[in-house]
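Each chain, letter by letter, is given below.
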Amino acid sequence: MLSTLLPEFKIERDDSRCIRCQVCVRQCGFDTHKYDEDDDAVYAAEEKCVGCQRCAVMCPTNALTIKPHDYGYRPNANWSKDHFRELSRQAESGGVVLTGSGNDKPYRIYWDHIVLNASQVTNPSIDPLREPMELKTYLGRKPDKIEYDPETKQIKTEMPPQVMIEVPVIFSALSYGAISYNAWKSLLQAAKQAGTLCNTGEGGWPMELREYSNRVIAQCASGRFGVDVEYLNSASIVEIKIGQGAKPGIGGHLPGEKVSSDVSLTRMIPEGTDALSPAPQHDIYSIEDLSMLIYALKEATNYEKPISVKIAAVHNAAAIASGMVRAGADIIALDGIRGGTGAAPKIIRDNVGIPIELALASVDKRLRDEGIRNQASLLVAGGFRNSGDVIKAIALGADAVYIGTAALVAMGCTICQKCYTGICNWGICTQDPYLSKRLNPEIATRRLVNMVKGWSLEIKEMLGGMGINAIESLRGNRHHLRGVGLEQWELDVLGIKGAGM
Amino acid sequence: MGNVIYNNNGSVEINADGLFYKDMNKLIREYILAHNINKAKLTNVYGQRYIGTNVPRPIKIDVYGTPGNDLGAFMNGSTVEVYGNAQDGCGNTMNDGEIIIHGNAGDILGISARGGEIYVKGNVGYRVGIHMKEYKDKKPALVIGGTAQDFLGEYMSGGILILLGLGLKENEKHKATFIGTGMHGGIMYISGKVDQNQFGKEVGELPLDDNDKALLSKYIGKFATHFGYDADEIMKRDFIKLYPKSLRPYGKLYAY
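Here the structure is a predicted model, which is why all the values come from computation and not from measurement.

Student: An account of the overall build of chain A is requested, with residue identities and associated values reported.
Tutor: Across its full length, chain A holds 16 helices and 23 strands. For 501 residues, the compact-globule formula gives about 23 Å, and the C-alpha radius of gyration of chain A, at 24 Å, lands near that figure. By principal-axis analysis of the C-alpha atoms, chain A measures approximately 90 × 60 × 45 Å. For chain A, the proportion of its 501 residues judged to be buried stands at 54%.

Student: I'd like to hear about the overall build of chain B, residue by residue, with values.
Tutor: Each helix and strand in chain B was counted, giving three helices and 13 strands. Taken over the C-alpha trace, chain B has a radius of gyration of 19 Å; the compact-globule value for 256 residues is 18 Å, and the two agree within 12%. Taken along the three principal axes of its C-alpha coordinates, chain B extends 55 × 50 × 30 Å. Counting every position in chain B, which comprises 256 residues, the buried fraction comes to 52%. Contacts spanning at least 24 positions in sequence make up 42% of the contacts within chain B whose residues lie at least 6 apart.

Student: Let's hear about the domain arrangement of chain A: which residues, and what values?
Tutor: Interface size is often expressed as the accessible area that is lost when the parts come together. All names here are of chain A. Once the domains are mapped, chain A shows domain 1 (9-95) and domain 2 (167-447 + 471-498). Relative to domain 2, the C-alpha centre of domain 1 lies at a distance of 33 Å. Contacts between the two partners involve ten residues from domain 1, matched on the other side by nine residues from domain 2. When the residues that make up the side of domain 1 that touches domain 2 are grouped by side-chain class, the tally is four nonpolar, four polar and two charged.

Student: Can you break down helix α14 (residues 441-465) of chain A residue by residue, with the values?
Tutor: Here α14(A) is 25 residues long and its end C-alpha atoms lie 36 Å apart, about the 36 Å a rise of 1.5 Å per residue gives. One or two residues past the end of α14(A) sits A:Gly467, with phi positive at roughly 80°.

Student: Go over the sheet that holds strand β5 (residues 76-83) of chain B, please, and point to the residues and values.
Tutor: Residue and element names in this part refer to chain B. Pairing within the open sheet is mixed, and its twelve strands lie in the order β1-β2-β3-β4-β5-β6-β7-β8-β9-β10-β12-β11. Lying at the two open borders of the sheet, with one neighbouring strand each, are β1 (4-7) and β11 (203-206). Taken pair by pair, the neighbouring strands of this sheet meet at an average axis angle of 15°, ignoring direction. The sheet contact formed by strand β10 (residues 185-191) and strand β12 (residues 239-244) spans four bridges and is antiparallel. Considered in β12, the bridge of Met188 is made with Leu242. Relative to strand β9 (residues 157-163), helix α2 (residues 210-227) is tilted by about 60°, and along the sheet it contacts β6 (96-101), β7 (117-120), β8 (141-144), β9, β10 and β12.

Student: Could you give an account of unusual backbone geometry, naming the residues involved and the relevant values?
Tutor: Backbone geometry places A:Arg20, a non-glycine residue, at a positive phi of 60°. Mapped onto the elements of the fold, A:Arg20 is located in the loop between β1 (9-13) and α1 (23-27). The backbone phi angle of B:Asn44 is positive, close to 55°, even though this residue is not glycine. For B:Asn44, the location among the structural elements is in strand β3 (residues 39-46).

Student: Help me get a handle on the pairing of strand β5 (residues 96-99) of chain A, residues and values and all.
Tutor: The pairing of β5(A) with strand β13 (residues 254-255) of chain B spans two bridges and is parallel. If you follow A:Val96 over to β13(B), its bridge partner there is B:Tyr254. Note: β5(A) against strand β19 (residues 344-345) of chain A, two bridges, orientation antiparallel. When the bridges of β19(A) are listed, A:Leu98 appears paired with A:Pro345.

Student: I'd like to hear about the domain arrangement of chain B, residue by residue, with values.
Tutor: Structurally, chain B comprises domain 1 (1-68) and domain 2 (89-256). In this structure, domain 1 of chain B and domain 2 of chain B have C-alpha centres spaced 30 Å apart.

Student: Break down the packing of helix α8 (residues 317-326) of chain A against helix α10 (residues 356-369) of chain A for me, citing the residues and quoting the values.
Tutor: All names here are of chain A. Packing of α8 against α10 brings their axes to within 8 Å, and their N-to-C directions diverge by 50°. Here α8 lies oblique to α10, going by the angle between them. When the axes of α8 and α10 are compared, the crossing they make is right-handed. Taking contact as the criterion, the partners of Ala317, Ala318, Ala321, Ser322 and Val325 in α8 are, on α10, Ala359, Ser362, Val363, Arg366 and Leu367.

Student: Kindly report on the pairing of strand β2 (residues 33-36) of chain A, identifying the contributing residues and their values.
Tutor: Residues and elements named next belong to chain A. Sheet analysis places β2 next to strand β3 (residues 41-44), joined by four bridges and oriented antiparallel. Note on β3: the bridge partner recorded for Lys34 is Tyr43. Where β2 hands over to β3, the hairpin turn is made up of four residues, of which Asp40 adopts a positive phi near 45°.

Student: Break down the interface of chain B and chain A for me, citing the residues and quoting the values.
Tutor: Taken together, the contacts link 37 residues of chain B with 31 residues of chain A. Of all the elements in the fold, those that place two or more residues in the side of chain B that touches chain A are β9 and β13 of chain B. Considering only residue class, the side of chain B that touches chain A consists of 14 nonpolar, 17 polar and six charged.

Student: I'd love a proper account of helix α1 (residues 21-35) of chain B, names of residues and values included.
Tutor: Under the 1.5 Å per step criterion, the end-to-end length of α1(B) is 21 Å for 15 residues, consistent within 8% with the ideal 21 Å. Among all positions of α1(B), only B:Tyr21, B:Met24, B:Asn25, B:Ile28 and B:Tyr31 are buried. Viewed along the axis of α1(B), the buried residues span an arc of 120°, placing them on a single side of the element. In α1(B), the exposed positions that point more than 90 degrees away from the buried face belong to B:Leu33 and B:Ala34. Residues of α1(B) that are buried make contact with α7 (287-300) of chain A together with β1, β2 (11-15) and β3 of chain B.

Student: Explain the environment of B:Tyr219 residue by residue, including any values.
Tutor: Residues and elements named next belong to chain B. Position of Tyr219 relative to the elements: it lies in helix α2. Separated by 97 residues in sequence, Tyr219 and Gly122 place their C-alpha atoms 16 Å apart. Those residues in contact with Tyr219 that lie beyond four places of it in its chain are Ala141, Val143, Ile160 and Ile162.

Student: So what's going on with the nonpolar core? Which residues, and what values?
Tutor: Residue and element names in this part refer to chain A. Core analysis: the biggest nonpolar cluster contains 226 residues, and Leu187, Ile332, Leu334 and Val380 have the highest contact counts within it. With nine residues, α14 is the single largest residue contributor to this core. When sequence neighbours within four positions are dropped, the list of residues in contact with Leu334 reads Ile311, Ala313, Ala317, Ile356, Ala359, Leu360, Val363, Val380 and Ala381.

Student: If you had to explain the sheet that holds β5(A) to someone new, which residues and values would you point to?
Tutor: Here three strands make up an open sheet; going across it, the order is β19(A)-β5(A)-β13(B) and the pairing mixed. Each edge of the open sheet is held by one strand with a lone partner, namely β19 of chain A together with β13 of chain B.

Student: Can you tell me about the environment of A:Leu293, naming the residues and giving the values?
Tutor: Counting through the fold element by element, A:Leu293 comes out in helix α7. Not counting residues within four places of it along the chain, the set of residues in contact with A:Leu293 comprises A:Ile240, A:Asp283 and A:Ile284.

Student: Which residues make up the environment of B:Gln149, and what values do they have?
Tutor: Residues and elements named next belong to chain B. Tracing the sequence through the fold places Gln149 in the loop between β8 and β9. Separated by 25 residues in sequence, Gln149 and His174 place their C-alpha atoms 8.1 Å apart. Not counting chain neighbours up to four residues away, the residues in contact with Gln149 comprise Gly125, Tyr126, Lys175 and Ala176.

What counts and what doesn't
Residues numbered from 1 in each chain as written. Chains lettered and ligands numbered in written order. Predicted model: local features only at pLDDT ≥ 70, side-chain atom pairs only at ≥ 80, totals over all residues. Helix = DSSP H or I, 4+ residues; strand = E, 2+ residues; numbered from the N terminus. Rg over C-alpha atoms; globule rule 2.2 N^0.38 Å. Buried ≥ 20, exposed ≤ 12 C-beta atoms within 10 Å, placed from the backbone. Contact = placed C-beta atoms within 7 Å. Domains from an automatic or database assignment. Nonpolar A, V, L, I, M, F, W, Y, C, P; charged D, E, K, R; others polar. Expected span 1.5 Å × (residues − 1). Pairing = 2+ DSSP bridges. Axes fitted to C-alpha atoms, helices over the stretch in contact; angles between N-to-C directions. Parallel < 35°, antiparallel > 145°, perpendicular 65-115°, else oblique. Left-handed = near helix turned anticlockwise from the far one by under 90°. Arc of directions from axis to C-beta. Core = buried A, V, L, I, M, F, W, Y, C linked by C-beta atoms within 7 Å.

Have a look at this one:
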């Protein structure tokens, strides 16, 4: 069948710069570049290019420019380039269009419409370079009240399990299987060095990496891959994954070709079979059932670890979150519509769920109104790009932020959205040994730690500017936020005033 | 309430009447650690959950009464024998060990099990054996004496599921429909009347070969021993084998 698809990217090769070194030929896992010996020239099959920029970065003479193809079709606001492409792909295959990473549609990004406050004259700002500044955060259920015994001078209240993080930024659930071993190991190492946590995702946890245990959130998802008592007890937090922002309401599906022998061992399934994660957890059809699994995990881990429950941010997130807390969840994790994925149907990624800003504000408010906000920590995820987004989320009520895509970008990802193909020229989202060895875990770790360090410094600067010396004092403090260019209903949901008010 | 009789022969008897599950399971742990018991007898069990989930090392647990949900969830090597019926979620994500139920069991028996064996004398509920797994020699096995409700062996990606249909009347069919929907690994053996239209579209049907018979005889032998049946009589029954037609049932669903 003749494909009606035009190339997505245009490759411009400056022949005066090209030295025929063929780096581009070797670097492209999609076989875009080909060297022709007879012509002594490199040619490009543009239709294969995904725009990941690997060749352009690696080209020693900067001879390559990769840019989005400028289609010659008549401009049409309704029928965008994406609609054309997806429909053609389906007409040619009859399948569900897949994609990777987070929603790229222009839904309103509320972080870009929220501004922070700073101290001027009436209260002094703090200089974090010379004064103590606290970013430490404790995750877990907090007691309703603290009882003190004046006789023994001891606190009588038994504290539920808490997990300390040095900075309120956690590496989100990226499973081994979806991402390469090197990428996974880098996240673990970086979490340890930066004093934060790393979520295993649902693909299990290789035995030789269990030494990082005090910095790991182990996920228990509907596929239950690699889940046993030792796995659960190796972690500092156990997370029940109900849903994910990129694909609320549907299950996961690691294609058989990505189930290599190592992945098969870690997931405890036969090599080459599809790793299917059912859409629901079939032991959870209600809040009562959720409670059953939460307490099964608490029982299995001796009541020593906080249990987190992660859901996709959907319309009734606030009511669901209230039920989750009452079911015994110590941590609520919310993943918004811009949350990433290794593979999801594009139609779901682009159309299902709500922005994390609105979900966070409504969940935090609901829990406070019901007087149960202290009973669970609130983690939020879904498209966080920088420390500004993080600090705004904390002022809206979050305890900490999950970052997935940002962490991948720190390691070298260029968000080409081809994660579902199993080919990743940056060695991150692939199980191909030739590609995955491109990611040096030591360098990737350093890049991740650098990012977290940079964000912490920025968060301290912004906190100090507001005259606050502990992140704890900003949490849920929406007076420090103002909206710009938002409608009244949006300000109401966010619980903030418009700028100038 | 909750009185405990400790026998010096390495066993403890706990009267679970009125005991909260957390306290009951903690008592078992304490007796294992302090007295090195290898057997616990629980009497008057009324709905206590997570029996056998968290024990410091594998032991034998006898349950008299009706245990609660998630019996043996995440269990790792213990043997639990229930003289009564089990509820939902029995053997949830079990790794190793044995569960023997002298009665019926509820929904999602053996969900996501990775290993171990479960024997049920009577009937079982919905979605039993869903998403059981296997890895190399580690295969969970589920043997059910009676019949099962819908979605038996759904999403099965490994393990062995045996449905004997012993309680069915003449010409009475098994209850389950959508048997093996989404199955992409493991194997299922069914005795008793069942129609083609009760199967999910991902399973195929085959007659038994010698390997199948050897496997069946191993598990049916144990089943018969547990519940006082004649294994040879059961082996004389007709069996069919259901297998997953593809290891990748959804491989062609997507446009790349």
